[in-house]
Amino acid sequence: MCGIAGYTHAEKDFLPERIHQAVASIVHRGPDEQGVWQSPTVSLGATRLRVIDTVAGAQPISSNDNDYTLVFNGEIYNHAELRKELIAHGHHFKTSCDTEVVLRAFIQWDTACIEKLRGMFAFAVWCESRQRLVLARDRMGIKPLYYARRGRDLYFGSELKAIFCHPEINRTIDLHALDTYLGLNYVAGPHTLAAGVVKLMPGCFLTWHDGEISSHRYWQADLADAAKPSSLREATERLDHLLTASVKEHLAADVPVGIWLSGGLDSSTVLHYASQHATTPLQTFSITFNGREFDESLYLREMATRYSTEHHELDLGPSTVTPDSITEQAYYSDEPNADAGAVPVWHLSRMSAKHVTVALSGEGADELFGGYITYLADKYARRARMVPRSIRRLSLRSANRLRASNKKIGLDYKLQRFLHGTLMDERSSHIFWNGTFSQEQRSQLMVSHNSAHTLKLLATIPARGDLRRFMAFDQAYYLPDNLLVKVDRMSMAHSLEVRPAFLDHRIVEFAATLPANYCIQGRTLKLLLRKLMKDKLPHSILAKKKQGLDIPVHDWLRGHLKPLLLDTLNRKTVEESGLVYWPHLDSLIKLHMERKANYGYHLWGMLMLFLWIKQWKIQCGQDIQALEDFSTISV
């Protein structure tokens, strides 16, 4: 696991020290080793966290004739079989690491090699003879890759920090992207909050040659040649086979490996399959919230006992989640993320890194198999919309008069959000339930409001169809641009590699073939996964309601994090930014503090936004224009 950075310098002379600065900015991603490689046209750099072949495998890595040079971030789980195939083609290897396999695969098959790779990755390869740079990202977007274009030159890196170190990149906020951030809690790809800096989309690769770039999609789940299961029983058997193979591959490492355990179905499933291949007691890592109604200590300890793991726990509370830790987390978040679940992931990563270098997680199961309560909200809202709109509006006004609770997600909050969502169209309500500010609220809050990006996103959801369309949207955006970003930044800040075993692309392709009623049936979420694990996991795990790894934002922003909130979101700072109207934001803060409403999630997003602006000295104001969008995908 590593971090990568680089840039071309075809348009003007380059400063040799610049690549060293870019690498230094992401050294936390790979503290074991750093390296650079430069030519008259391109500079490449990498940081390395040793996981496979801890002795060899230094980066950047070049071919024997120095025609190809690669920087690589990720893990290739089928590197051994690819190595055998390449040896048969006459290739000779100096290391046993997967990085060299990627290099030689590219030499052998060029960009066609990307489809052969099974794993999580982001890489850049330079061919001197062809004067061509290729950037590639894994199918699900597990590993990040950003890029920016200035003139004929291209700048790229695993994190925005590696691009921000270049003075050519203006640190200005993209106001269109800000609208999606405030609506969705994250910025959907390919955009970022930094104008002109974009994400290479999952399942895509990009080529640069003589100042010209083109991007191409090499994979899409619903276009894969996967057979549909003929019955629920067959689907269960196939998923069992796929999970067995995936978890076994994800456990492979030359360093200690652990399991992130929440006590929920997804992480418990990963632990179950991991236990089938472990030759020594597994290490499990969990976050607890002692004394809170959403604490899952009972369930995770039951699982740790059942599988005889070496179990580690950390309790989160005001003494642990301090204002200083939030500020530090905001720096490593790289791009602001309004998901307060990043806080427990930060502390979980720090604890895990003291014992292991790799951890397996359960990310992706909810999107693939239908695990979110929002899918039930989508379903029930269809019936609710049959009630006259005037009655729904009256019901919402009544719900808004309920006293705001200090619970993480209380009945008052759920009822208000659901009723508010029923007043929107189906596509808008889906992103509203996962996000915070509605379009109407954003128009009142933002000084310069433009929903063009958000409306474009909504248009990707078919106007008609079953719940699969919402699951597909979440797989395309919520998963890579929120959940996976959150896990990557928080874990790599502590030099920990996290592997989501559910996101093996073979499982993703299989899940794309499932009918909606294999995922959600009645009130039962993740039906297929529950059927699979019925005789494998305790009934208590299968029957419990989904909690989600999150913090009590409403409560803590009224309590020990209140000074941080008020110091960050003060009148002077907000008005100088020119982004939002202070009177409107101030009223939200007051309503929240007086417990007349729960705006904790809204305010958390604003807090992380302004911490980011301060940290990176981001230019704001109405005169900012979004730079050219280089996200067009050609198939």
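Residues numbered from 1 in each chain as written. Predicted model: local features only at pLDDT ≥ 70, side-chain atom pairs only at ≥ 80, totals over all residues. Heavy atoms only, no water.

Participant: An account of the overall build of the protein is needed here, citing residue identities and associated values.
Facilitator: Helix and strand counts for the protein come out as 27 helices and 17 strands. Compactness check: the protein gives a C-alpha radius of gyration of 24 Å against a globular reference of 26 Å for 635 residues, within 12% of the reference. Counting only C-alpha atoms and orienting by the principal axes, one finds that the protein spans roughly 75 × 60 × 50 Å. A separation of at least 24 residues holds for 73% of the contacts in the protein among residues at least 6 apart in sequence. (Helix = DSSP H or I, 4+ residues; strand = E, 2+ residues; numbered from the N terminus. Rg over C-alpha atoms; globule rule 2.2 N^0.38 Å. Contact = heavy atoms within 4.5 Å.)

Participant: Report on the pairing of strand E2 (residues 33-38), specifying residues and quantitative values.
Facilitator: Where E2 meets strand E3 (residues 42-48), six bridges bridge the pair, whose relative direction is antiparallel. Across the sheet, residue Val 36 finds its bridge partner in E3, namely Gly 45. Following E2, the chain reverses through three residues before pairing antiparallel with E3. (Pairing = 2+ DSSP bridges.)

Participant: Could you give me a rundown of the environment of Ala 384, with the residues and numbers involved?
Facilitator: Residue placement: Ala 384 occurs in helix H12 (residues 373-384). A relative accessible area of 18% means that Ala 384 is categorised as buried. For the pair Ala 384 and Ala 472, spaced 88 residues apart in the sequence, the C-alpha separation amounts to 23 Å. Once residues within four sequence positions are removed from consideration, Ala 384 is found in contact with Arg 392, Phe 418 and Thr 422. (Buried < 20%, exposed > 50% of the residue type's maximum accessible area, 1.4 Å probe, protein only.)

Participant: Can you lay out the sheet that holds strand E11 (residues 204-209) for me, pointing to particular residues and giving the numbers?
Facilitator: Ordered by their spatial adjacency, six strands build an open sheet running E4-E5-E6-E7-E11-E12, and the pairing between neighbours is antiparallel. Looking along the sheet, the strands with just one partner apiece sit at the ends: strand E4 (61-62) and strand E12 (212-217). Both E4 and strand E5 (residues 68-76) contribute to a ladder of two bridges, which runs antiparallel. Residue pairing in the sheet places Ser 62 in a bridge with Thr 69 of E5. Contacts between helix H3 (residues 98-109) and the sheet are confined to E4, E5, strand E6 (119-127) and strand E7 (132-137), with E5 contributing the most and set at about 125° to the helix. (Axes fitted to C-alpha atoms, helices over the stretch in contact; angles between N-to-C directions.)

Participant: Describe the nonpolar core, and please don't skip the residues or the numbers.
Facilitator: With 116 residues, the main nonpolar core has Phe 123, Leu 135 and Phe 369 as its most contacted residues. Apart from residues no more than four positions distant in its own chain, Phe 369 is found in contact with Leu 239, Met 471, Phe 502, Ile 507, Phe 510, Ala 511, Leu 514, Cys 519, Lys 526 and Leu 528. (Core = buried A, V, L, I, M, F, W, Y, C linked by side-chain atoms within 4.5 Å.)

Participant: Hey, could you go over the packing of helix H2 (residues 79-88) against H3 for me, with residue numbers and the actual values?
Facilitator: H3 packs onto H2 with a crossing angle of 45° between their chain directions and a minimal axis gap of 10 Å. What the angle tells us is that H2 and H3 run oblique. As for how H2 packs across H3, the hand of that crossing is left-handed. Across the interface between the two elements, His 79, Leu 82, Arg 83, Glu 85 and Leu 86 of H2 pack against Asp 98, Val 101, Arg 104, Ala 105, Gln 108 and Trp 109 of H3. Grouping the amino acids of the contact of H2 with H3 by side-chain chemistry returns five nonpolar, two polar and four charged. (Parallel < 35°, antiparallel > 145°, perpendicular 65-115°, else oblique. Left-handed = near helix turned anticlockwise from the far one by under 90°. Nonpolar A, V, L, I, M, F, W, Y, C, P; charged D, E, K, R; others polar.)

Participant: Any details on unusual backbone geometry? Residues and values, ideally.
Facilitator: Along the chain, Gln 59 connects to Pro 60 via a cis peptide bond; the corresponding omega equals -5°. Between Gly 189 and Pro 190 the backbone carries a cis peptide bond, its omega angle lying at 10°. With respect to the secondary-structure elements, Pro 190 resides in the loop between helix H5 (175-184) and strand E10 (197-199). One non-glycine residue, Ser 495, lies in the positive phi region at around 55°.

Participant: Please provide a residue-by-residue account of the side chain of Arg 18, values included.
Facilitator: Looking at where Arg 18 falls in the secondary structure, it is placed in helix H1 (residues 17-25). A polar side-chain atom of Arg 18 sits 3.0 Å from a polar atom in the side chain of His 166. Contacts of Arg 18, omitting those with residues within four sequence positions, involve Tyr 7, Cys 165, His 166, Pro 167 and Glu 168. (Polar contact = N/O pair within 3.5 Å; in protein donor to acceptor, adjacent residues only side chain to side chain.)

Participant: An account of the packing of aromatic side chains is requested, with residue identities and associated values reported.
Facilitator: Scanning the entire structure with this criterion turns up 16 aromatic pairs. Note on Trp 126 and Trp 208: the rings are 6.3 Å apart at their centroids and 40° apart in plane angle, and the pair reads as tilted. One end of the pair, Trp 126, is in strand E6; the other, Trp 208, is in strand E11, and 82 residues separate them in sequence. An identical accessibility class is assigned to Trp 126 and Trp 208; each is buried. Between the aromatic rings of Tyr 413 and Tyr 601, the centroid separation amounts to 5.7 Å while the plane-to-plane angle is 55°, which identifies the pairing as tilted. Of the two residues, Tyr 413 is situated in helix H14 (residues 411-422) and Tyr 601 in helix H27 (residues 600-616); the sequence distance between them amounts to 188 residues. (Phe/Tyr/Trp six-rings, centres within 6.5 Å; stacked < 30°, edge-to-face > 60°.)

Participant: Give a description of the pattern of salt bridges that names residues and reports values.
Facilitator: On inspection of all chains with the given rule, the structure shows 36 salt bridges. In this structure, Lys 526 engages Asp 366 in a salt bridge whose closest nitrogen and oxygen atoms are separated by 2.8 Å. Taken together, the positions of Lys 526 in the loop between helix H20 (516-519) and helix H21 (527-533) and Asp 366 in helix H11 (residues 365-369) put the pair 160 residues apart, joining distant regions of the chain. For the residue pair Lys 526 and Asp 366, the accessibility class agrees, reading buried in each case. Lys 590 is paired through a salt bridge with Asp 586; the nearest N and O atoms lie 3.2 Å apart. With Lys 590 and Asp 586 both in helix H26 (residues 582-593) and four residues apart, this pair spans about one turn of that helix. The exposure class of Lys 590 is partly exposed, given its relative accessible area of 47%. With relative accessibility at 18%, the residue Asp 586 sits in the buried group. Several salt bridges share partner residues, and in doing so they unite Arg 29, Lys 143, Glu 159, Lys 161, Asp 334, Asp 488 and Arg 489 into one network. (Salt bridge = Lys/Arg side-chain N within 4 Å of Asp/Glu carboxyl O.)

Participant: Just give me the short version of the sheet that holds strand E9 (residues 153-157), but keep the residues and values in it.
Facilitator: The strands making up a sheet are joined through hydrogen bonds of the backbone, oriented either antiparallel or parallel. The six strands lie next to each other as E2-E3-E1-E9-E8-E10, forming an open sheet whose pairing is antiparallel. Of all strands in the sheet, those bounded by a partner on one side alone are E2 and E10. Within the sheet, the average angular offset between the axes of one strand and its neighbour, ignoring direction, is 15°. As judged from the five bridges shared by strand E8 (residues 146-150) and E9, these two strands associate in the antiparallel manner. The residue bridging Arg 149 from the neighbouring strand is Leu 154, located in E9.

Participant: Give me a nonpolar patch on the surface: which residues, what numbers.
Facilitator: A cluster of nonpolar side chains, namely Leu 402, Leu 411 and Leu 415, defines an oily patch on the protein surface of about 280 Å² accessible area. Along the chain, Leu 415 falls in helix H14. Residue Leu 415 is classed as partly exposed on the basis of its relative accessible area of 35%. (Patch = residues over 30% accessible without salt bridge, like charges linked within 9 Å, V, L, I, M, F, W, Y side chains within 5 Å. Areas by Shrake-Rupley, 256 points an atom, 1.4 Å probe, with all protein chains shown as cover.)

Participant: A description of helix H13 (residues 389-400) should follow, citing residues and the corresponding values.
Facilitator: Taking 1.5 Å of rise per residue, twelve residues should cover 16 Å, and H13 covers 16 Å from first to last C-alpha, within 8% of that figure. Along H13, the residues classified as buried are Arg 392, Leu 396 and Ala 399. Projected down its long axis, H13 shows its buried positions confined to an angular sector of 60°, all on one face. (Expected span 1.5 Å × (residues − 1). Arc of directions from axis to C-beta.)

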